[in-house]
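# Fold and geometry: a report
One-letter residues, chain by chain:
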Amino acid sequence: GAGVSQSPRYKVAKRGQDVALRCDPISGHVSLFWYQQALGQGPEFLTYFQNEAQLDKSGLPSDRFFAERPEGSVSTLKIQRTQQEDSAVYLCASSYTGSPDTQYFGPGTRLTVL
Amino acid sequence: AQKVTQAQTEISVVEKEDVTLDCVYETRDTTYYLFWYKQPPSGELVFLIRRNSFDEQNEISGRYSWNFQKSTSSFNFTITASQVVDSAVYFCALSGNTGNQFYFGTGTSLTVIP
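Residues numbered from 1 in each chain as written. Chains lettered and ligands numbered in written order. Predicted model: local features only at pLDDT ≥ 70, side-chain atom pairs only at ≥ 80, totals over all residues. Heavy atoms only, no water.

### Let's talk about the interface of chain A and chain B
Put simply, the rule is: The contact definition used throughout considers only heavy atoms, calling two residues in contact when any of these lie within 4.5 Å. Summed over both partners, buried area is the accessible surface (1.4 Å probe) that two parts give up on being assembled. Any carboxyl oxygen of Asp or Glu that lies within 4 Å of a side-chain nitrogen of Lys or Arg is treated as forming a salt bridge with it. Here a polar contact is taken to be a pair of N or O atoms separated by no more than 3.5 Å, where protein atoms must pair a possible hydrogen donor with a possible acceptor and residues adjacent in sequence count only if both atoms sit in side chains. Secondary structure elements follow DSSP: runs of H or I no shorter than four residues count as helices, runs of E no shorter than two count as strands, and numbering proceeds from the N terminus. Residues are grouped as follows: Ala, Val, Leu, Ile, Met, Phe, Trp, Tyr, Cys and Pro are nonpolar; Asp, Glu, Lys and Arg are charged; every other residue, Gly included, is polar.
Counting residues at the interface gives 22 residues for chain A and 20 residues for chain B. For the pairing of chain A and chain B, the buried interface totals around 1,600 Å² over both sides, and the portion due to carbon and sulfur atoms is 53%. There are zero salt bridges connecting chain A and chain B. Linking chain A to chain B there are four residue pairs in polar contact (both at pLDDT 80 or more). Secondary-structure elements contributing two or more residues to the side of chain A that touches chain B are strand S4 (31-37), strand S5 (44-50) and strand S10 (104-105) of chain A. Element by element, the count of residues in the side of chain A that touches chain B is highest for S4(A), at three residues. In the side of chain A that touches chain B, the residues fall into 10 nonpolar, nine polar and three charged.

Okay, here's the thing in structure tokens:
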């Protein structure tokens, strides 16, 4: 079956612009996670949804970051007024239930802020 | 606190050599789960294995094997007879029983030289 998909794969933004990153989880997966991966580092947790409920947003670095999953399927990660330090790969993962179930990852969106 | 340490930043081996990737973890949870993921140049994290803290049996899957030792808090990964296609960054991750996120190490970049 289809895996996790993310779009766009690459995004270049000027500092101060808003961006929206999309994630389509595996069909039927209840849980959805967003991670941020800086160059040469491991992924770091941003936020977690169970269906449409955002149960944990402790990893969001600032109030410029906002995530939603209104119908319990597709999710959007929005970054307002982008800064250079936001440049990273943003990974989406889904799992059939919640943690500690295996998370399956998408290819990521590479965001570059100029 | 949950933490994963992958002390080896980069490893290079010649094709057909065996290679072991180290992973040391820290957790106060009595129940926890350990994972290995492969990240090829395409960027997508590919799931390799999941182990829970109750099962210390070593596992073998083809050329891959994993050695889980609770006494040393380690979950090492060995590739036997390495191939060029094994070249990638490998991440070890930890999930506690109650948390929602995975904690990743910083990854080990493996290069297999033909």
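### Digging into the layout of surface pockets
To keep things clear, this is the line we draw: Only protein atoms enter the calculation, which uses a 1 Å grid: trapped sets of points that fit a 1.4 Å probe without letting it out are cavities, open sets showing protein on both sides within 12 Å along at least five of seven lines are pockets, and any residue with an atom within 4 Å of a point is a lining residue. Grid points are joined across faces, edges and corners, and a volume is the space filled by probe spheres set on the points.
The space that makes up the largest pocket amounts to roughly 640 Å³. Around the largest pocket, the lining is made up of 29 residues, and of these A:Gln37, A:Leu39, A:Gly40, A:Arg110 and B:Gln39 lie nearest the centre. Elements with a contribution of two residues or more to the lining of the largest pocket: strand S9 (88-95) and strand S11 (109-113) of chain A together with strand S10 (88-96) of chain B. Residue classes in the lining of the largest pocket are distributed as 12 nonpolar, 14 polar and three charged.

### Examining the sheet that holds strand S1 (residues 5-7) of chain A
Residue and element names in this part refer to chain A. Filter applied, for reference: Being paired, for any two strands, means DSSP has found at least two bridges between them. All axes here are fitted lines through C-alpha atoms, helices being fitted over the stretch that makes contact, and every angle between N-to-C directions spans 0 to 180 degrees.
With antiparallel pairing, the four strands of this open sheet are ordered in space as S1-S3-S8-S7. Each having just a single partner strand, S1 and strand S7 (65-68) make up the two edges of the open sheet. With strand direction ignored, the average angle separating the axes of adjacent strands in the sheet is 15 degrees. Where S1 and strand S3 (residues 19-24) come together, three bridges link them in antiparallel fashion. Residue pairing for S3: Ser7 is matched across the bridge by Arg22.

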